[in-house]
Amino acid sequence: MTLEAYAISKNYGDVQALQDVDIRVETGELFTLLGPSGCGKTTLLRIIAGLEKADKGTIYLNGTPVSNIPANQRPVNTVFQSYALFPHMTNADNVAYGLRSRKIPETEVRKKVEAGLEMMELSEFGDRFPNQLSGGQRQRVAMARALVCEPEVLLLDEPMSALDAKLRTNLQIQLRKLQKKIKKTFVLVTHDQDEALTVSDKIAIMKNGKVLQIGSPREIYDRPNCRFVAEFIGTANIIDARRDGDVMTTSVGDMILPELPDWKDGALVIRPEGILLRNDKPAKNGVQTKVSEVYYRGTFLDVTLETGNLRVRCAPHNKIETGDSVWVELLEDALVAIHD
Amino acid sequence: MKKFDKPVLMPLCALGTIAFLYVPLIAVASFSVNNSRFGLTWEGFTWKWYAALFHNEQILEACWNTLFLAGVSTAIATVVGTALAIGMSRFPWGKKTASFFEFNLYMPVITPEIVFAGALVIAFATLRYFSSIFEPGMVNMIIGHVTFQVAFVALVVRSRLASFNNEIEEASRDLYASNGYTLRKVILPMLTPGIVSGAMLAFTLSLDDFIISFFTAGPTSVTLPLYIFAEVHRGITPKIHALSTVGLLLTICLVVASEKMSNKSKEKESSHA
């Protein structure tokens, strides 16, 4: 089922939580709303769920407007940040809740609950209460509870934020596998950029109630469209630049781009992987400089250069030390022109 | 100075306070089994004052009145108070309305009971123009007790409501439940410990209420506190001690039971973040 949010605005008093937000999620897509806290991502999710009403704009499910349909009648289920499990019910009863509330026959409920618990590898925990489970298990109960309802759209509100890092990485992969398997539309809210890059088909970067960029993880990482996106995701070198004829004049030297931007003053973004260390002068976009800092990070060396404080990532077997004089090449295709 | 190394004063103070609180109660309990009608001297152990209690028609009637009053008023106050608490915290009232309600909820708690009782007398006198139901007696007493019990029940239930977050109810709505279904399956079960302890509080408040009862009672609705008050005018007898002791024991049982109950529910939720 496709999901569309069209021109959604929402104010809380004087605070603009959302301003004219448009997103479109295709069937079977895992769409992530990524941004710092307070950017409006959770508000948007709650509006999609029907738990909150937008001041302006419409939510469409498969092209049908659902803004006036209350939460308990939308084919949408939510996994809450706190999981919101019912503490007075067993895990099996928790999972059965969304079925029993719709008066589905008990034999069918049992079958579905059993299957749901099994899918989440919780079969042996059905008779226990939520407080007898670990955080990760509780999160899976919350997932099972939402999924047995067979929602067309599953909403996940920071589902991993309460878990420790190792468990999180594991669950991210499981979430991705699960979503591929059941082929439903998922909308995930997170402030964790690694999580977003790992699991998503598409990411919307949000800030102060606005969507700044929507794209695949690769697009977002490789082609950020503004300073905020470049800095929010991963590490970025941002170099002030000015268009001067066919070249870009920057503080680190003249640079050549495959395509010139249509503005005069702006900046160039390049990821640390886009800068290569050279023994001699490269054909173009070369900079001669000294190494100011080197950190060994296990899988790579984190090198900072004197010129423009550029950060470079290179293989750990390179023998580079502070003070070394080096040539670097800013790869043409890795340079992104931004203007804001 | 060495002997002051160990803290002596504080434990002594604590013991003194406990003695101050409990010695009178222990005295009452021991006089209730003292085989002496008036004296403060010990003249042997006896159950006869307790036996006399159960042969005294007036006392038995007062007991029945007390329990009936407490039972009925608690039942009403629990339902109304719970509804009030849920309504106050779950309906999106404006800020001013909400704080007005809040203020009103605390009024019966902080108003001197004697003022409250006086107000009830006037209210019932006015109502008597319209119906004879409001003659002094059980009906008035029940209404009077409910008026102050409601606030206590609502306060206890409200603090319980505040302890679980909105997401629980949102989750229920998200899972296709109507408001009624959510109330029955989620809110009320989760509130049960609060409702029970609110009800127990209301029950004990009604049991030993004197002032409101005194101002609203009729000739056939004498409760134990009223009876004891009247009896004491004629001098304290060991029968009264026995009656007080029974009352004390009942209260202790209630308190222990409610304590156990709330501990149990806390335990159940302690690890639920």
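Residues numbered from 1 in each chain as written. Chains lettered and ligands numbered in written order. Predicted model: local features only at pLDDT ≥ 70, side-chain atom pairs only at ≥ 80, totals over all residues. Heavy atoms only, no water.

Focus on the overall build of chain A
No. 1: Within chain A, the secondary structure is distributed over eight helices and 20 strands.
No. 2: Principal-axis analysis of the C-alpha atoms gives chain A an extent of 75 × 45 × 35 Å.
No. 3: Looking at the 340 residues of chain A, the share that counts as buried comes to 51%.
No. 4: In chain A, the proportion of contacts linking residues at least 24 apart, taken out of those at least 6 apart, comes to 66%.
No. 5: Carbon and sulfur atoms make up 46% of the accessible area of chain A, which totals about 15800 Å².
No. 6: Between the averaged position of the 43 positive side-chain charges in chain A and that of its 46 negative side-chain charges there is a distance of 5 Å. (Helix = DSSP H or I, 4+ residues; strand = E, 2+ residues; numbered from the N terminus. Buried < 20%, exposed > 50% of the residue type's maximum accessible area, 1.4 Å probe, protein only. Contact = heavy atoms within 4.5 Å. Areas by Shrake-Rupley, 256 points an atom, 1.4 Å probe, with all protein chains shown as cover. Lys, Arg positive; Asp, Glu negative; His and termini not counted. Charge placed at Lys NZ, Arg CZ, Asp CG, Glu CD.)

Quick look at the interface of chain A and chain B
No. 1: Every contact between the two is made by 31 residues of chain A and, on the other side, 24 residues of chain B.
No. 2: The interface formed by chain A and chain B contains one salt bridge.
No. 3: Between Glu170(B) and Arg46(A) there is a salt bridge; the shortest N-O distance is 2.7 Å.
No. 4: One can count nine residue pairs in polar contact (both at pLDDT 80 or more) joining chain A with chain B. (Salt bridge = Lys/Arg side-chain N within 4 Å of Asp/Glu carboxyl O. Polar contact = N/O pair within 3.5 Å; in protein donor to acceptor, adjacent residues only side chain to side chain.)

Considerations on the pairing of strand β12 (residues 247-250) of chain A
All names here are of chain A.
No. 1: Going residue by residue along β12, you find Met 248 and Thr 250 tucked away on one face and Val 247 and Thr 249 left uncovered on the opposite face.
No. 2: Hairpin connection, strand β11 (residues 237-244) to β12: the antiparallel pair is bridged by two residues, and Gly 245 has positive phi, about 70 degrees.
No. 3: Turn length for the β12-strand β13 (residues 253-255) hairpin, with the two strands adjacent in sequence and antiparallel, is two residues. (Pairing = 2+ DSSP bridges.)

Concerning the confidence of the model for chain B
No. 1: When the pLDDT values of chain B are averaged, the result is 87; 95% of them are 70 or greater.
No. 2: Quick note on the complex model: pTM equals 0.81, ipTM equals 0.84. (pLDDT = per-residue confidence, 0-100.)

Brief notes about a nonpolar patch on the surface
Residue and element names in this part refer to chain B.
No. 1: A surface patch of nonpolar side chains, amounting to about 650 Å² of accessible area, comprises Ile 18, Phe 20, Leu 21, Tyr 22, Leu 25 and Ile 26.
No. 2: Its location among the elements puts Ile 18 in helix α1 (residues 9-31).
No. 3: With relative accessibility at 47%, the residue Ile 18 sits in the partly exposed group. (Patch = residues over 30% accessible without salt bridge, like charges linked within 9 Å, V, L, I, M, F, W, Y side chains within 5 Å.)

Re the state of the cysteines
Residues and elements named next belong to chain A.
No. 1: By the definition in use, this model includes zero disulfides over all chains.
No. 2: Left without a disulfide partner, Cys 39 is nearest to the cysteine sulfur of Cys 226, which lies 13 Å away.
No. 3: The exposure class of Cys 39 is buried, given its relative accessible area of 1%.
No. 4: In this structure Cys 226 comes out as buried when scored by relative accessible area, which is 9%. (Disulfide = S-S within 2.5 Å.)

Considerations on helix α2 (residues 91-100) of chain A
No. 1: With respect to burial, α2(A) is a largely interior element, eight of its ten residues being buried.
No. 2: Where α2(A) is concerned, the buried positions are Asn91(A), Ala92(A), Asn94(A), Val95(A), Ala96(A), Tyr97(A), Gly98(A) and Leu99(A).
No. 3: Those residues of α2(A) that are buried are in contact with α3 (106-119) and α4 (135-147) of chain A together with α7 (166-174) and α8 (179-207) of chain B.

Some details on the packing of aromatic side chains
No. 1: The full count for this structure, using the stated rule, is 13 aromatic pairs over all chains.
No. 2: Aromatic side chains Phe86(A) and Tyr97(A) sit 4.5 Å apart centroid to centroid with 45 degrees between the ring planes, which places their arrangement in the tilted category. You can see Phe86(A) sitting in the loop between β6 (76-79) and α2 and its partner Tyr97(A) sitting in helix α2, a full eleven residues away along the chain. The same class applies to Phe86(A) as to Tyr97(A), namely buried.
No. 3: The structure contains a cluster of three or more aromatic residues connected by ring pairs, namely Phe210(B), Phe214(B), Phe215(B) and Phe229(B).
No. 4: Directly above the ring of Tyr176(B) sits Arg102(A), whose terminal nitrogen or CZ lies 3.8 Å from the centroid.
No. 5: A cation sits over an aromatic face here: Arg145(A) above Phe86(A), 4.8 Å from the ring centre. (Phe/Tyr/Trp six-rings, centres within 6.5 Å; stacked < 30°, edge-to-face > 60°. Lys NZ or Arg CZ within 6 Å of the ring centre and 35° of its normal.)

Structural notes on the sheet that holds strand β3 (residues 30-34) of chain A
Consider a sheet: its strands pair through backbone hydrogen bonds, and that pairing is either parallel or antiparallel.
Residue and element names in this part refer to chain A.
No. 1: The sheet built from six strands is open, its strands ordered β6-β7-β8-β3-β9-β10 with mixed pairing. Here the strands that pair on one side only, and so sit at the sheet edges, are β6 and β10 (210-215). Averaged over all pairs of adjacent strands, the angle between strand axes in this sheet comes to 20 degrees, irrespective of strand direction.
No. 2: Where strand β9 (residues 202-207) meets β10, five bridges bridge the pair, whose relative direction is antiparallel. Pairing of Ile 205 across the sheet is with Gln 213, part of β10.
No. 3: Each of β3, β7 (153-157) and β8 (185-190) is contacted by helix α5 (residues 165-182), which is oriented at about 160 degrees to β8, the strand it contacts most. (Axes fitted to C-alpha atoms, helices over the stretch in contact; angles between N-to-C directions.)

Things to note about the domain arrangement of chain A
Size of an interface: often given as the accessible area lost when the parts come together.
All names here are of chain A.
No. 1: Under the domain assignment used here, chain A contains domain 1 (3-227) and domain 2 (238-338).
No. 2: For domain 1 versus domain 2, the separation of C-alpha centres amounts to 39 Å.
No. 3: Between domain 1 and domain 2, the buried area comes to about 720 Å², and carbon and sulfur atoms account for 50% of it.
No. 4: For the pair domain 1 and domain 2, the interface holds one salt bridge.
No. 5: In this structure, the salt-bridge partner of Asp 240 is Arg 227, at a minimum N-O distance of 3.4 Å.
No. 6: At the junction of domain 1 with domain 2, the criterion picks out four residue pairs in polar contact (both at pLDDT 80 or more).
No. 7: The element contributing the most residues to the side of domain 1 that touches domain 2 is helix α7 (residues 217-222), with three residues.
No. 8: In terms of residue class, the side of domain 1 that touches domain 2 is built from four nonpolar, one polar and three charged. (Domains from an automatic or database assignment. Buried area = accessible area lost by both parts, 1.4 Å probe. Nonpolar A, V, L, I, M, F, W, Y, C, P; charged D, E, K, R; others polar.)

Some points on the sheet that holds strand β20 (residues 336-338) of chain A
Residue and element names in this part refer to chain A.
No. 1: Strand order in the open sheet formed by five strands is β13-β12-β11-β14-β20, and the pairing between neighbours is antiparallel. Every interior strand has two partners, whereas the edge strands, β13 and β20, have only one. Averaged over neighbouring strand pairs, the angle between their axes works out to 40 degrees when direction is ignored.
No. 2: In this structure, β12 lies alongside β13, joined through three bridges in antiparallel fashion. If you follow Met 248 over to β13, its bridge partner there is Met 255.

Observations concerning the packing of helix α3 (residues 57-90) of chain B against helix α6 (residues 138-163) of chain B
Residue and element names in this part refer to chain B.
No. 1: Between α3 and α6, whose axes approach to 6 Å, the crossing angle comes to 40 degrees. By the angle between their axes, α3 is oblique relative to α6. Crossing angle aside, the handedness with which α3 passes α6 is right-handed.
No. 2: Here the contact of α3 with α6 is built from residues that sort into 19 nonpolar, nine polar and two charged. (Parallel < 35°, antiparallel > 145°, perpendicular 65-115°, else oblique. Left-handed = near helix turned anticlockwise from the far one by under 90°.)

Quick word on the pattern of salt bridges
No. 1: Counting across every chain of the model gives 22 salt bridges over all chains.
No. 2: Residues Arg46(A) and Glu52(A) are paired through a salt bridge, measuring 2.7 Å at the closest nitrogen-oxygen approach. With respect to class, Arg46(A) is no different from Glu52(A); both count as buried.
No. 3: Notably, a salt bridge pairs Arg158(B) with Glu102(B), separated by 3.3 Å at the nearest N-O pair. Taken together, the positions of Arg158(B) in helix α6 and Glu102(B) in helix α4 (residues 95-110) put the pair 56 residues apart, joining distant regions of the chain.
No. 4: Here Arg158(B) falls in the buried class, since its relative accessible area comes to 19%.
No. 5: Glu102(B) sits in the partly exposed class, given a relative accessible area of 31%.
No. 6: Through salt bridges with shared partners, one network takes in Asp93(A), Arg100(A), Glu106(A) and Arg110(A).

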